[in-house]
Amino acid sequence: MATRAWGAPRSEEGVRLRRRARRRVARVMAAVRGTKGEKNENAYEILGVETSCSSEEVKRAYKRLALKNHPDKLRNVSDAARAEAQELFRAVSTAYEVLRDDLKRAEYDAKLELNGAKKDDVLVNVSFKESVTGGTKLAMVPFKLVCVECRGVGMACPRCETCEGTRTTSAGTACEACEGKGFGKPETCVKCGGDGVKDDFFHGRVHVPAGVENGARLPISGRSQHVRVRILPSKVFTRDGLNVTSTLRLSAADAREGGFFDVETVHGTETTYFDEETSHGDTKTLTGKGIRDGKKTGDHIVRVEVEREPTPPPEDEDAPAQEENDEDAPVDDEPPSKRPKDDHAPASDAQTDLERLLAEKKAKLLARLDAAAKSA
């Protein structure tokens, strides 16, 4: 790959490509930041997905574009093309970070008013069970409260310290410090910092209907704003429309023999029969045990996971032969004291017998000497 010498002028093509890359990246980053513009691309357009796409579609699109524009994947390209790929890779990564998170995605949709969202929408978290059964939630609705200190002006005139606001002195003359006004020069309001308003929150009630879907827009009682529903994931269930899926884990023996097993559904425990020789990945549908939405009711799909049988330890080929030899060997229950003396005893036993014999001879010799000395 040819490289440009230090200090050499850039080619017209390189300059043009760099300018085009800068303009495109500027449009991309403006869209990611949520700044609306006539020619700006939003984060969905950057990844090439629809605004109603799922999280899995966002992830697949990001992987495809990241591999295509990653600087380390480029070979034999110009510096300008590499710089453009780097900027696009950064923009794609930023767009993915925004859309992969449900909370950031909801805020982004509200900024650009995508997917039916509005700028003043409030996000409310709903558990999986609440999305099935429905209920009432409290939403924290932010609003601006007019500052009571400056009455929304943002500036306040402090009281004159000389005359304490009376505009006259003790002698009855006009206060020279405030020119008889009773207050000083206007200053930035300390309470609101010059904004004229303060942030406050309103606790509004939200009716969550049974079977509500993720991203639904619901009204807030007593307010003009709406909430966007965010259904929190469940550790047991997954949802696809009105259908619910769960996993039943069976041991290898239970899957082979089959039988009745308890299955947790969104409406309680159901006892279900599974046939013999149930395999890993088999599914069974419980009709009408899914989510109810008015007159419609979904199904509950049970997916089976079969645990692997433990691997038996390897057999020792020499073990049976050893056991047979042990069984054929005679069993000697006689105590050691009554066993016949072995001529081929160990060397240590023979040495002990020799020492005992010498000790006996020595004792007899000493006895004879004592007897001879007494007789003399």
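Note that the structure is a prediction, hence the values are computed from the model and not measured. (Residues numbered from 1 in each chain as written. Predicted model: local features only at pLDDT ≥ 70, side-chain atom pairs only at ≥ 80, totals over all residues. Heavy atoms only, no water.)

1. As for the overall build of the protein
Okay, so step 1: Scanning the protein for helices and strands turns up nine helices and 15 strands.
Okay, so step 2: Within the protein, the proportion of its 376 residues that are buried is 27%.
Okay, so step 3: Looking at the protein alone, contacts between residues at least 24 apart form 56% of all its contacts between residues at least 6 apart. (Helix = DSSP H or I, 4+ residues; strand = E, 2+ residues; numbered from the N terminus. Buried < 20%, exposed > 50% of the residue type's maximum accessible area, 1.4 Å probe, protein only. Contact = heavy atoms within 4.5 Å.)

2. Here we look at helix α5 (residues 102-112)
Okay, so step 1: Those residues of α5 lying buried are R105, Y108, D109, A110 and L112.
Okay, so step 2: Capping the start of α5, D101 holds a side-chain oxygen 2.9 Å from the backbone nitrogen of K104, two or three residues further along.
Okay, so step 3: Just downstream of α5 lies E113, where phi reads positive at about 55°. (Polar contact = N/O pair within 3.5 Å; in protein donor to acceptor, adjacent residues only side chain to side chain.)

3. With respect to the side chain of S131
Okay, so step 1: In this fold, S131 is placed in helix α6 (residues 128-133).
Okay, so step 2: When its relative accessible area of 0% is taken as the criterion, S131 is described as buried.
Okay, so step 3: Leaving out residues up to four positions away in the same chain, S131 has contacts with V126, P209, A210, G211, V212, I231 and R239.

4. Thoughts on helix α4 (residues 79-99)
Okay, so step 1: In this model, α4 (21 residues) spans 30 Å end to end at C-alpha, consistent with the 30 Å of a helix rising 1.5 Å per residue.
Okay, so step 2: Every buried residue of α4 is listed here: A80, A83, E84, A85, L88, A91, V92, S93, A95, Y96, V98 and L99. (Expected span 1.5 Å × (residues − 1).)

5. Examining the confidence of the model for the protein
Okay, so step 1: Looking at the protein, the pLDDT average stands at 77 and 78% of residues meet or exceed 70.
Okay, so step 2: The model gives residues 1-9 a pLDDT under 50, and that stretch makes five contacts with residues more than four places away or in other chains. (pLDDT = per-residue confidence, 0-100.)

6. Examining the environment of T265
Okay, so step 1: Its location among the elements puts T265 in strand β10 (residues 259-265).
Okay, so step 2: Distance from T265 to S246, taken between C-alpha atoms, is 7.9 Å for residues 19 residues apart in sequence.
Okay, so step 3: Residues contacting T265, with those up to four places away along its chain left out, are F237, E270, L286, K289 and H300.

7. Describing the pairing of strand β7 (residues 226-231)
Okay, so step 1: As paired elements, strand β1 (residues 122-126) and β7 share five bridges and run parallel to each other. By the bridge assignment for β7, L123 is matched with R228.
Okay, so step 2: For strand β6 (residues 217-219) and β7, the ladder comprises three bridges, and the chain directions are antiparallel. Bridging from a neighbouring strand, L218 pairs with V227 of β7.
Okay, so step 3: The turn linking β6 back onto β7 is made up of six residues, and G222 within it adopts a positive phi angle of 80°. (Pairing = 2+ DSSP bridges.)

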